[in-house]
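A look at the structure
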Amino acid sequence: MWRVRRAAVACEVCQSLVKHSSGTKGSLPLQKLHLVSRSIYHTHHPTLKLQRPQLRMSLQQFSSLTSLPLRKLKLSPVKYGYQPHRNFWPARLAARLLKLRYLILGSAVGGGYTAKKTFDQWKDMIPDLSDYKWIVPDIVWEIDEYIDLGSPGETAFRATDPGSESDKRYRKGLLGELILLQQQIQEHEEEARRAAGQYSTSYAQQKRKVSDKEKIDQLQEELLHTQLKYQRILERLEKENKELRKLVLQKDDKGIHHRKLKKSLIDMYSEVLDVLSDYDASYNTQDHLPRVVVVGDQSAGKTSVLEMIAQARIFPRGSGEMMTRSPVKVTLSEGPHHVALFKDSSREFDLTKEEDLAALRREIELRMRKNVKEGCTVSPETISLNVKGPGLQRMVLVDLPGVINTVTSGMAPDTKETIFSISKAYMQNPNAIILCIQDGSVDAERSIVTDLVSQMDPHGRRTIFVLTKVDLAEKNVTSPSRIQQIIEGKLFPMKALGYFAVVTGKGNSSESIEAIRDYEEEFFQNSKLLKTSMLKAHQVTTRNLSLAVSDCFWKMVRESVEQQADSFKATRFNLETEWKNNYPRLRELDRNELFEKAKNEILDEVISLSQVTPKHWEEILQQSLWERVSTHVIENIYLPAAQTMNSGTFNTTVDIKLKQWTDKQLPNKAVEVAWETLQEEFSRFMTEPKGKEHDDIFDKLKEAVKEESIKRHKWNDFAEDSLRVIQHNALEDRSISDKQQWDAAIYFMEEALQARLKDTENAIENMVGPDWKKRWLYWKNRTQEQCVHNETKNELEKMLKCNEEHPAYLASDEITTVRKNLESRGVEVDPSLIKDTWHQVYRRHFLKTALNHCNLCRRGFYYYQRHFVDSELECNDVVLFWRIQRMLAITANTLRQQLTNTEVRRLEKNVKEVLEDFAEDSEKKVKLLTGKRVQLAEDLKKVREIQEKLDAFIEALHQEK
């Protein structure tokens, strides 16, 4: 019974296939049905004697093909009473003839399966070229994707009860599967025959011609050429893009778009780093802002790599000697022209012109030598350089002095330690990208910088390793695998984020950047390092290095800049709180602002010199000049002349000595006095306290300005000549016009003589010791020498009492008499001691006599008018002092005019020049304006500036995103 039902189902399926055949109407014989349909056992067909094959029962209701989309077919109604005509022999003959179709179709399926096995065997013989999958045509992978020949003929049919719901679903699914399977088998057969024929022939040819190794080399060669081809296309496109950018930027410069260009992100970021560098030149400020730190052994090629990235030969060069003597911060940014400029200069160096390049290299070398202090070889002070050009990668790099192993002659003893400390200071920043440069032409074991870098970044999370001079390394190294070990960091314990190999030229300093780039590309195109897969294409050339460093730099910037901005905000808050607590009533003036305030005060004080009254100038000048010349007047003019016997000799002696004095000494002394007076007045105005407004923080600065201004000021050379004539004419005048001038001269003479008498009394007291009153009251005693001087003084005073008109000098017999008299009393004296004592004793006697003569001359003006005729009184000494006094007054007046009209203005000019020089000398300002208040204001200003620039940079960064 089940056979009848199964046959009926099969017949219904076949009828449905016949009815739904395209372009066919009516019924078709069973022989024209699908192979799978005819494989079903039909018990009611009289001509079909095939045995029904064993069906494989599946645990699932449908086969795996049920997941494919089914066509919506309308099944014909089942007629269980259908019986074919058994006596239709033409049909039986046609069925037997159509068996050829089954043979052909079976052969096609078997041939496809055989081709599949052959293809799998051929594919297993080929090495694993998964990295080069893009070279193999897509049809191979399509064959593997679409053909599944692992289990042919495993289609299973599930037996179910006829008429049930599951049987209906089964029949519908089976019908869809049969239709789709027919289409897929036909397509796959066609593709399998085509692929099998193509690749069987190709495989046979390659097997006969080349071995597997040669085949791999050929594929790698093709891969390398293809990559280089794409690289050249990329460079050509980027060059065109660079030219277009340059054109657009030039139009912006010419004002075509009439819009103001904003600062680029890298320029804003570079300004932040410049402020940090000014904030602390020794780099003690622990900022964690990213920058690319270029480190390496001396002559390892650091500068050459940096020049290749900047696309210009901008650094000074030397064969084997240290050229980088201080850190150089290079900011790379895009611009219409390839130029370079320093942050503190407006001059632009055109990097396309050789003369500008040479001038730039000289300027960098001069700045380095200027930064290096005496007795040192390197300096931690940073040189800031901006390089702009079309196509440059935006980043900030810091080129450090090369690490050395031995201090050579001509270097400071601490050069090695200083370089290590500078390098560590930059590398210890956790956000700094370390560009470690290793010379590939020397043994890796001789490198020092790798140990230093591994200490700073042991996990290699921010280190990029660069192997330079790879062309020399490949030529000299016997084992190429050693270069691979260096690149992979297996020869030393340093780890890195990425490894690169570059060529920086043939060693000729005159090579251009374009020539080096062409040589680098040509070398790597023919290098065995790429052909043997020791290096990958993205690990070579300075261009790929520049792109990788720039990407890493900006990634680090975006990840850390906001955190750094928050830290500076906290620092600013702490500094502001400290200022409010310590200086609540003072403004926050930094060092430059304090200098400007002090400058205004000093200029005001210099201007106040012009407000000094003429009377004050003349009084202090006259008094200072008399103090300077009084000794000469008394000792060398008055006393020698007064010791003469008559008035004629006195006047002659006075005139001669005054003439000599005026010609040689007096004008010079007068100018010195005037200059010293100006200094004293200037110092008085500078140093005197101004009450509550006085700020002692300016004292050191004012003192330094005063000393430097005085040192630079020189009196007019023509002043002495004119002053000599004036003084000579003043001293020639002897005519006293009135009694008032006569009394003034006497008063002046008395003051001068009394001052000299007082000095003489003090000298005698020091010579003979205290008198009896002081000895009793203050318990003082005389020394032996003072006792001898006292006995000698007493003996000489007895002599003067006997002869009050004794001349100024002792005769030799008088000296002998005094000595013998003293010896008779047991006092041993030397003749020189007698002369010294006599000088002071006679001087006191003479001055007392002259003072008594002054009193007598008070009423002698009448006799003076009559030229002392019929009078025994002679007052020529009073006339002498009047001449001196008048000369002093005229000289003081002349000097005062010169001071107020010329010298004060010249001094003011000198002060301005000194202040301008101090304003440009930052070290001088730091030295002269010191203290906690200054430092706190300075830190507060710098932190505010850094924080504001960081905020602006972060805002621009977000806008760019």
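Note that this is a predicted model, so its numbers are computed, not measured.

Looking only at helices and strands, the protein chain features 32 helices and nine strands. Looking at the protein chain residue by residue over its 961 residues, the buried ones come to 43%. Long-range pairs, those at least 24 residues apart, make up 79% of the contacts in the protein chain between residues at least 6 apart in sequence. Carbon and sulfur atoms make up 50% of the accessible area of the protein chain, which amounts to about 53600 Å² in all.

Our next topic: the sheet that holds strand β3 (residues 339–342). Spatially, the nine strands line up as an open sheet ordered β4-β3-β5-β2-β6-β1-β7-β8-β9, and their pairing is mixed. Edge positions in the open sheet fall to β4 (349–350) and β9 (498–501), since each of these has one partner strand only. Note: β3 against β4, two bridges, orientation antiparallel. When the sheet's bridge partners are listed, Val339 is paired in β4 with Asp350.

This part covers the pattern of salt bridges. This structure, assessed with the given rule, holds 39 salt bridges. Arg712 is paired through a salt bridge with Glu708; the nearest N and O atoms lie 3.0 Å apart. Separated by four residues within a single helix, Arg712 and Glu708 lie in helix α22 (residues 699–712), roughly one turn from each other. In this structure Glu708 comes out as partly exposed when scored by relative accessible area, which is 21%. Note that Glu908 and Lys912 form a salt bridge whose closest N and O atoms lie 3.8 Å from each other. Of the two residues, Glu908 and Lys912 are both situated in helix α30 (residues 876–920); the distance of four residues between them amounts to about one turn of the helix. The class of Lys912 is partly exposed, set by a relative accessible area of 39%. A single salt-bridge network, built from bridges that share partners, covers Arg572, Glu576, Glu588 and Arg944.

Now for a negative patch on the surface. Together, Glu913, Glu916, Glu920, Asp921 and Glu923 make up a negatively charged patch on the protein surface. Here the negative patch gets three residues from one element, more than from any other, and that element is α30. On the secondary structure map, Asp921 appears in the loop between α30 and α31 (922–928). Its relative accessible area of 31% is what places Asp921 among the partly exposed residues.

Moving on: the UniProt feature "coiled-coil region" (unreviewed entry) in the protein chain. When the UniProt feature table is mapped onto this chain numbering, "coiled-coil region" (unreviewed entry) sits at residues 171–254 and 897–924. Helix makes up 96% of residues 897–924 and strand 0%. Its end C-alpha atoms lie 36 Å apart.

As a further point, take the state of the cysteines. On inspection of all chains with the given rule, the structure shows one disulfide. We note that Cys854 lacks a disulfide partner, and the nearest cysteine sulfur, in Cys857, lies 6.5 Å from it. For Cys854, a relative accessible area of 1% puts it in the buried group.

Two elements in contact, helix α18 (residues 591–607) and helix α32 (residues 932–960), have axes separated by 8 Å at closest approach and are oriented at 125°. In terms of axis orientation, α18 runs oblique to α32. Along its contact with α18, which presents Arg591, Asn592 and Leu594, the element α32 presents Arg933, Val934, Gln935, Glu938 and Lys941. Its residues assigned to classes, the contact of α18 with α32 comprises two nonpolar, two polar and four charged.

Attention shifts here to the environment of Thr783. Assignment of secondary structure puts Thr783 in the loop between α25 (772–778) and α26 (784–802). Residue Thr783 is classed as partly exposed on the basis of its relative accessible area of 42%.

Let's shift gears to the confidence of the model for the protein chain. With 70% of its residues at a pLDDT of 70 or more, the protein chain shows a mean pLDDT of 76. When the criterion is pLDDT under 50, residues 1–87 qualifies, and its contacts beyond four places in sequence or with other chains add up to 116 contacts. Scored below 50 in pLDDT, residues 281–285 shows nine contacts in the model against residues more than four places distant or in partner chains.

This part takes up α22. For α22, spanning 14 residues, the distance from its first C-alpha to its last is 20 Å, which sits close to the expected 20 Å at 1.5 Å a residue. Leu701, Lys702, Ala704, Val705, Lys706, Ser709 and Ile710 are the residues of α22 that are buried. In this structure, the buried side of α22 is in contact with α18, α21 (666–687), α30 and α31.

This part covers the packing of aromatic side chains. Using the criterion set out here, one finds 17 aromatic pairs in the structure. Every member of this aromatic cluster is reached through a ring pair, and the members are Trp626, Tyr638, Phe748, Trp838, Tyr842, Phe846 and Phe881. A cation over an aromatic ring shows up here: Arg367 above the ring of Phe342, its NZ or CZ 4.0 Å from the ring centre. The lysine or arginine in question, Arg394, covers the ring of Trp554, its NZ or CZ lying 4.8 Å from the ring centre.

Quick look at the environment of Lys941 now. The residue Lys941 is located in helix α32 in this model. Expressed as a C-alpha distance, the spacing of Lys941 and Leu589, which sit 352 residues apart in the sequence, is 8.5 Å. Residues within four places of Lys941 in sequence aside, it is in contact with Asp590 and Asn592.

On to the side chain of Thr891. Its place among the elements puts Thr891 in helix α30. Look at Thr891 and you get buried, because its relative accessible area is 0%. For Thr891, the contacting residues outside a window of four places in its chain are Leu625, Ala670, Leu723 and Gln727.

Turning next to the pairing of strand β8 (residues 463–468). Most of β8 is tucked away: six of the six residues are buried. Along β8, one buried face is formed by Thr463, Phe465 and Leu467 and the opposite face, lined by Ile464, Val466 and Thr468, is buried too. Inspection of the sheet shows strand β7 (residues 433–439) paired to β8 by six bridges, in the parallel sense. Pairing of Asp439 across the sheet is with Thr468, part of β8. With four bridges joining them, β8 and β9 adopt parallel strand pairing.

The next thing to look at is the nonpolar core. Within the largest apolar cluster, 102 residues are counted, with the highest numbers of intra-cluster contacts made by Trp626, Tyr638, Trp661, Trp742, Ile884 and Val911. Take this core: its biggest share by element is 17 residues, from α30. Ignoring any residue separated from it by four or fewer positions in sequence, one finds Trp626 in contact with Val633, Phe748, Ala752, Phe881, Ile884 and Leu888. Grouped together as the second largest cluster of nonpolar side chains are 68 residues, Ala310, Val330, Cys552 and Tyr583 included.

So, on to the pairing of strand β5 (residues 383–388). Of all six residues in β5, five are buried; the element is thus mostly enclosed. In this structure, strand β2 (residues 328–333) lies alongside β5, joined through six bridges in parallel fashion. Note on β5: the bridge partner recorded for Val330 is Leu385. With four bridges joining them, β3 and β5 adopt antiparallel strand pairing. Bridge pairing in β5 links Leu341 to Asn386.

About the thresholds
- Residues numbered from 1 in each chain as written.
- Predicted model: local features only at pLDDT ≥ 70, side-chain atom pairs only at ≥ 80, totals over all residues.
- Heavy atoms only, no water.
- Helix = DSSP H or I, 4+ residues; strand = E, 2+ residues; numbered from the N terminus.
- Buried < 20%, exposed > 50% of the residue type's maximum accessible area, 1.4 Å probe, protein only.
- Contact = heavy atoms within 4.5 Å.
- Areas by Shrake-Rupley, 256 points an atom, 1.4 Å probe, with all protein chains shown as cover.
- Pairing = 2+ DSSP bridges.
- Salt bridge = Lys/Arg side-chain N within 4 Å of Asp/Glu carboxyl O.
- Patch = residues over 30% accessible without salt bridge, like charges linked within 9 Å, V, L, I, M, F, W, Y side chains within 5 Å.
- Lys, Arg positive; Asp, Glu negative; His and termini not counted.
- Charge placed at Lys NZ, Arg CZ, Asp CG, Glu CD.
- UniProt positions renumbered as here; feature names shortened; annotations may be inferred.
- Disulfide = S-S within 2.5 Å.
- Axes fitted to C-alpha atoms, helices over the stretch in contact; angles between N-to-C directions.
- Parallel < 35°, antiparallel > 145°, perpendicular 65-115°, else oblique.
- Nonpolar A, V, L, I, M, F, W, Y, C, P; charged D, E, K, R; others polar.
- pLDDT = per-residue confidence, 0-100.
- Expected span 1.5 Å × (residues − 1).
- Phe/Tyr/Trp six-rings, centres within 6.5 Å; stacked < 30°, edge-to-face > 60°.
- Lys NZ or Arg CZ within 6 Å of the ring centre and 35° of its normal.
- Core = buried A, V, L, I, M, F, W, Y, C linked by side-chain atoms within 4.5 Å.

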